[in-house]
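The primary structure of each chain is shown beneath.
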Amino acid sequence: MAVHVGSDEAGKGPVLGPMVAAAVRVDPDDLSTAVDDSKRLTAETRAALAAEIRAVADTVGFGIVSTDCIDAPESDMNTLTVDAHAEALAGVARDGDSVYADA
């Protein structure tokens, strides 16, 4: 069975909280054809798809970057974003999965 794993982040450039990346492992046959970049979807469609994806997800993983890490002078958001995606993906991806990372 071909399984897809997708990851994306929220909170890049946060003012009050951490940046969080999430990865979801799912059989693509269980996904709606309406799944797309969240910026292209209405709030109502995003909410409906979120519920649908939660219902069919095999596994979900997270990578969290604290505000202290974001504020550290030696850090940069590009590296932190990639690290958060890698952490989220490491929790769900398996050999042979197709991975789609928005990092």
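This one's a predicted model, so the numbers in the text were calculated from it and none came from an experiment. (Residues numbered from 1 in each chain as written. Predicted model: local features only at pLDDT ≥ 70, side-chain atom pairs only at ≥ 80, totals over all residues. Heavy atoms only, no water.)

Peer 1: Quick rundown of a nonpolar patch on the surface? Include the residues and the values.
Peer 2: On the surface, Val60, Phe62 and Ile64 cluster together into a nonpolar patch covering about 300 Å² of accessible area. Relative to the helices and strands, Phe62 is located in strand S3 (residues 59–65). (Patch = residues over 30% accessible without salt bridge, like charges linked within 9 Å, V, L, I, M, F, W, Y side chains within 5 Å. Areas by Shrake-Rupley, 256 points an atom, 1.4 Å probe, with all protein chains shown as cover. Salt bridge = Lys/Arg side-chain N within 4 Å of Asp/Glu carboxyl O. Helix = DSSP H or I, 4+ residues; strand = E, 2+ residues; numbered from the N terminus.)

Peer 1: Explain the confidence of the model for the protein residue by residue, including any values.
Peer 2: Chain-level pLDDT for the protein is 90 on average; 95% of the residues reach the 70-or-more range. When the elements of the protein are averaged for pLDDT, helix H2 (residues 67–71) gives the smallest value, 90, and S3 the largest, 95. (pLDDT = per-residue confidence, 0-100.)

Peer 1: I'd like a description of the environment of Val3, backed by residues and values.
Peer 2: Position of Val3 relative to the elements: it lies in the segment before strand S1 (4–10). A sequence separation of 74 residues divides Val3 from Met77, and the C-alpha atoms of the two residues are 29 Å apart. Residues contacting Val3, with those up to four places away along its chain left out, are Arg25, Val26, Asp27, Pro28, Asp97 and Ser98. (Contact = heavy atoms within 4.5 Å.)

Peer 1: Describe the side chain of Ser7, naming the residues involved and giving the relevant values.
Peer 2: Along the chain, Ser7 falls in strand S1. Ser7 sits in the buried class, given a relative accessible area of 6%. Non-local contacts of Ser7, meaning those with residues more than four positions away in its chain, are made with Ala22, Ala23, His85, Leu89, Tyr100, Ala101 and Asp102. (Buried < 20%, exposed > 50% of the residue type's maximum accessible area, 1.4 Å probe, protein only.)

Peer 1: Provide a residue-level description of the nonpolar core, including the pertinent values.
Peer 2: For soluble globular proteins, the rule of thumb is that nonpolar side chains tend to be buried together. Within the largest apolar cluster, eleven residues are counted, these being Val5, Met19, Ala21, Ala23, Val65, Ile70, Leu80, Ala84, Ala88, Leu89 and Val92. With four residues, the top contributor of residues to this core is helix H3 (residues 77–90). Once you skip the residues sitting within four places of it in the chain, Leu80 turns out to touch Met19, Val65, Cys69, Ile70 and Ser75. (Core = buried A, V, L, I, M, F, W, Y, C linked by side-chain atoms within 4.5 Å.)

Peer 1: So what's going on with the pattern of salt bridges? Residues and values would help.
Peer 2: The final tally for this structure, using the stated rule, is five salt bridges. The residue Asp58 makes a salt bridge to Arg94 at a minimum N-O spacing of 3.6 Å. Of this pair, Asp58 sits in the loop between helix H1 (43–56) and S3 while Arg94 sits in the loop between H3 and strand S4 (98–101); the two residues are 36 residues apart in sequence, bridging distant segments of the chain. One network of salt bridges, with partners in common, ties together Arg25, Asp58, Arg94 and Asp97.

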